[in-house]
Amino acid sequence: MRCAVGVDVSKSKSTVAIMNEKEILLEKVFEIANNRSGIAELQKRLEKYSDCETRIVMEATSYYHFPVLFSLKEADCFVTVANALAVKKFCDEDLRRAKNDRKDAVKLAKYCCEKWERLTDFQLCDEIRVELLFLSREYDKLMSTQTKLKIQLTELIDKTFAGMKETVDAESRYQLLLDIYEKYWHMDKAIAAGKEKFVKDIENLAKKHGHKVGKRIGEILFDTVSNNVPLRPCNSVTKLAVKSCVSMLRQVLKATAEIITEMERLAKKLPEYEVVSQMSGTGIKTRARLIAEIGDINRFKTAGSLIAFCGIDTPPYQSGRFEAQNRRITKRGNKHLRKIGYEIMRNLKISKPKRDAKVYEYIVKKELEGKAKKAAKIAGLNKFLRIYFKRVKEVCSKN
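Residues numbered from 1 in each chain as written. Predicted model: local features only at pLDDT ≥ 70, side-chain atom pairs only at ≥ 80, totals over all residues. Heavy atoms only, no water.

Q: How do you make sense of the packing of aromatic side chains when you look at a structure like this?
A: How two aromatic rings sit relative to each other is set out by the distance from centre to centre and by the angle between their planes. Throughout the structure, instances matching the rule amount to six aromatic pairs. An angle of 45° between the planes, with centres 5.8 Å apart, marks the rings of phenylalanine 198 and phenylalanine 222 as tilted. Pair noted here: phenylalanine 198 is in helix α9 (residues 195-208) and phenylalanine 222 is in helix α10 (residues 214-225), with a separation of 24 residues, a long-range link. Pair check on accessibility: phenylalanine 198 and phenylalanine 222 agree, each one buried. Geometry around phenylalanine 30 places arginine 45 over its ring, the cationic atom sitting 3.9 Å from the centre. If you follow lysine 150 out to its NZ or CZ, it ends over the ring of tyrosine 174, 4.5 Å from the centre. (Phe/Tyr/Trp six-rings, centres within 6.5 Å; stacked < 30°, edge-to-face > 60°. Helix = DSSP H or I, 4+ residues; strand = E, 2+ residues; numbered from the N terminus. Buried < 20%, exposed > 50% of the residue type's maximum accessible area, 1.4 Å probe, protein only. Lys NZ or Arg CZ within 6 Å of the ring centre and 35° of its normal.)

In structure tokens:
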């Protein structure tokens, strides 16, 4: 006898439906709390069906399903974490659409019955990969905050010291920009200090960061002061806004750097780290995140599966004599992986590698064929993932 269990997980509780292979409910649909006592109750109820072949299906719901999932896996249960879109397509077969937690649990149990032979047991990743993925997602959130703060800082500079960002800004000189703006947060402060002192202070700040252009930057900045009119007065309110923004941005920059350092430390313990490090386009900010988002390569049967997971596959669209030629990527995959992959492609275009340059040459080839630059990079990412799959699969199969 088969026992299909559908678990509809929400933030604080889960709704459970248990039915047999004939899609008949074996007991009334019930709810449990997503805590130790609630999960213990679920396990106790499932013990009644220990003589049956039991399989449990739940949807991937961000991280809310983790407590139930991990507890059931520790109890050695067969659990499938179903793709939410696949479940939705299955539920759309019903003519009458109604939605609540109880109906969703029943539909998941029916999904379990229908797809029984195709269900795959969820495999717990090793601890390093779990930690890497967690840090990768936290890094993305912090980068979103960092982007907003940088925009806010730019607006403040335009209002209080126009021209400073254009003169100082560069990826390698961003800390210098923060130091200068924190000290001279308004052009009136520079005028009050005088040109000689102002230029000397900028030169000293630049030397602290290893830059030799402090004197030139100071002179350019002071020359712009006499021609510009500030949009904000030099008062305590403006000072508070500037100091707060600079302080928060420093903290976020420090946090993102620390996360990348920790991810590098963890990634070095994985067999694929050396292989990925040698691939052109990957650097300290991308390789550990790439490994984290792809995870265990053995999850994918073919390179095509990895490409579909990334969401850059272009499935065929044909009917009768019609066959679409200009197809779009599905974007039904890991958006974080797509973002990292595109970042790697941009790095390739900037660095123009001479070693291991197959992907770079492929991007250039596609551009020469007339493809848009973005489309050429996506094509390059497709090739990059195929190379990644082949090289990492070889390394992991030996370990």
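Q: Looking at this structure, I do not really get a nonpolar patch on the surface. What am I missing?
A: A cluster of nonpolar side chains, namely Tyr63, Tyr64, Phe66, Phe70 and Leu124, defines an oily patch on the protein surface of about 460 Å² accessible area. The residue tyrosine 63 is located in the loop between β4 (53-59) and α2 (66-74) in this model. (Patch = residues over 30% accessible without salt bridge, like charges linked within 9 Å, V, L, I, M, F, W, Y side chains within 5 Å. Areas by Shrake-Rupley, 256 points an atom, 1.4 Å probe, with all protein chains shown as cover. Salt bridge = Lys/Arg side-chain N within 4 Å of Asp/Glu carboxyl O.)

Q: What exactly am I supposed to notice about the nonpolar core here?
A: What tends to happen in soluble globular proteins is that the nonpolar side chains get buried as a cluster. In terms of nonpolar packing, the biggest core is built from 42 residues, with Leu290, Ile294, Ile297, Phe384, Leu385 and Tyr388 touching the most fellow members. Contributions of two or more residues to this core are made by α5 (127-160), α11 (236-267), α12 (273-277), α13 (287-294), α14 (303-310), α15 (335-351), α16 (358-368) and α17 (373-398). Among the elements that make up this core, the one with the highest residue count is α17 (ten residues). Counting 31 residues, the second-largest nonpolar core is a separate cluster that includes Leu156, Tyr184, Ala206 and Val252. (Core = buried A, V, L, I, M, F, W, Y, C linked by side-chain atoms within 4.5 Å.)

Q: When you look at the side chain of threonine 256 in this model, what are you seeing that I'm missing?
A: With respect to the helices and strands, the residue threonine 256 is situated in helix α11. Accessibility expressed as a relative area gives 6% for threonine 256, which makes it buried. For threonine 256, the contacting residues outside a window of four places in its chain are Tyr139, Leu142, Met143 and Gln146. (Contact = heavy atoms within 4.5 Å.)

Q: For this particular structure, what's the right way to read the layout of surface pockets?
A: Taking a probe equal in size to a water molecule and rolling it over the atoms shows the remaining empty space. Reported here for the largest pocket is a volume of approximately 2600 Å³. Taken together, 49 residues line the largest pocket, and the ones lying closest to its centre are Ala60, Val81, Phe122, Arg299 and Phe309. Counting only elements with at least two residues in the lining of the largest pocket, the list comes to α2, β5 (79-82), α3 (84-91), α5, α13 and α14. Sort the elements by how many residues they give to the lining of the largest pocket and α5 lands first, with seven residues. Here the residues of the lining of the largest pocket sort into 22 nonpolar, 14 polar and 13 charged. (1 Å grid on protein atoms, 1.4 Å probe; cavity = no way out; pocket = protein on both sides within 12 Å on 5 of 7 lines; lining within 4 Å. Points joined across faces, edges and corners; volume = space filled by probe spheres on them. Nonpolar A, V, L, I, M, F, W, Y, C, P; charged D, E, K, R; others polar.)

Q: Would you explain the sheet that holds strand β1 (residues 2-9) in this entry?
A: Strands in a sheet are paired, the pairing made by backbone hydrogen bonds, and the direction either parallel or antiparallel. The strand order across the open sheet formed by five strands is β3-β2-β1-β4-β5, and the pairing between neighbours is mixed. Pairing within the sheet leaves two strands with one partner each, and these edge strands are β3 (30-33) and β5. Each strand axis lies, on average, 25° off the axis of its neighbour in the sheet, ignoring direction. Where β1 and strand β2 (residues 13-20) come together, seven bridges link them in antiparallel fashion. Along β2, the bridge assignment pairs cysteine 3 with asparagine 20. (Pairing = 2+ DSSP bridges. Axes fitted to C-alpha atoms, helices over the stretch in contact; angles between N-to-C directions.)

Q: Looking at this structure, I do not really get the pattern of salt bridges. What am I missing?
A: Any two side chains of opposite charge can pair, on the condition that their charged atoms come close. On inspection of all chains with the given rule, the structure shows 23 salt bridges. Note that aspartate 121 is salt-bridged to lysine 73, the shortest N-O span being 2.8 Å. Taken together, the positions of aspartate 121 in the loop between α4 (101-114) and α5 and lysine 73 in helix α2 put the pair 48 residues apart, joining distant regions of the chain. Across the pair lysine 195 and aspartate 223 runs a salt bridge, and its minimum N-O distance is 3.8 Å. Separated by 28 residues along the polypeptide, lysine 195 in helix α9 and aspartate 223 in helix α10 bring together distant segments of the chain. The class for lysine 195 is partly exposed, based on a relative accessible area of 39%. Residue aspartate 223 is classed as partly exposed on the basis of its relative accessible area, which comes to 43%. Through salt bridges with shared partners, a single ionic network connects Glu27, Glu41, Arg45 and Lys48.

Geometric values such as these leave the question of function open.
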